[in-house]
Amino acid sequence: QVQLVESGGGLVQPGGALRLSCAASGFTFVRYIMRWYRQVPGKERELVCSITSHGSVPSCADSVKGRFTISRDNKQNMVYLQMNNLKPDDTGVYFCNNPNYDAWGQGTQVTVSS
């Protein structure tokens, strides 16, 4: 059974930083691309960043490029999202996902506000 457990969210002021973590289980982690998404109420889930199976090709949406970094630890079955210089528009619930499975965790809330 695929399980994804996100953590690390919180309330931060604009310009602040957070590091999100995602613990994955139930599949052979090292074989798969992993992604971070975010969702704001009333809007579709938005792809934020993705990373290839061995971590050699990370990529992020233009809206977060230069501020967010995705990484992974294939020994620990973890994927991370380092978020710097946060803006109010970054507010939302953040989810990690393996695009080969229709499985989602509970997400972690990020709120950027002064």
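You'll find the structure just up there.
Residues numbered from 1 in each chain as written. Predicted model: local features only at pLDDT ≥ 70, side-chain atom pairs only at ≥ 80, totals over all residues. Heavy atoms only, no water.

### Focus: the sheet that holds strand β10 (residues 108-112)
- Taken together, six strands build an open sheet; the order of strands is β2-β10-β9-β4-β5-β6 and the sheet is mixed. Where the open sheet ends on each side, the last strands, each with one partner, are β2 (10-12) and β6 (58-60). For this sheet, the mean inter-axis angle between neighbouring strands, taken without regard to orientation, is 20°.
- Here five bridges tie strand β4 (residues 34-39) to strand β9 (residues 92-97), and the two strands are oriented antiparallel to one another. Residue pairing for β9: Tyr37 is matched across the bridge by Phe95. (Pairing = 2+ DSSP bridges. Helix = DSSP H or I, 4+ residues; strand = E, 2+ residues; numbered from the N terminus. Axes fitted to C-alpha atoms, helices over the stretch in contact; angles between N-to-C directions.)

### Regarding the sheet that holds strand β8 (residues 78-83)
- Strand order in the open sheet formed by four strands is β1-β3-β8-β7, with antiparallel pairing between adjacent strands. A single partner strand is all that each edge strand has here, and the edge strands are β1 (3-7) and β7 (68-73). Across this sheet, the average inter-strand angle for adjacent strands is 15°, counted without regard to direction.
- Pairing between β7 and β8: six bridges, direction antiparallel. Within β8, the position partnered with Thr69 by the bridge is Gln82.

### Some details on the pattern of salt bridges
- Enumeration over the complete set of coordinates arrives at four salt bridges.
- In this structure, Lys65 and Asp62 form a salt bridge, with 3.1 Å as the shortest nitrogen-oxygen distance.
- What makes Lys65 exposed here is its relative accessible area of 51%.
- Note on Asp62: relative accessible area 65%, which makes it exposed.
- Put simply, Arg67 and Asp90 hold a salt bridge, and the shortest N to O gap is 2.7 Å. Separated by 23 residues along the polypeptide, Arg67 in the loop between β6 and β7 and Asp90 in the loop between β8 and β9 bring together distant segments of the chain.
- Judged by its relative accessible area of 9%, Arg67 falls in the buried class. (Salt bridge = Lys/Arg side-chain N within 4 Å of Asp/Glu carboxyl O. Buried < 20%, exposed > 50% of the residue type's maximum accessible area, 1.4 Å probe, protein only.)

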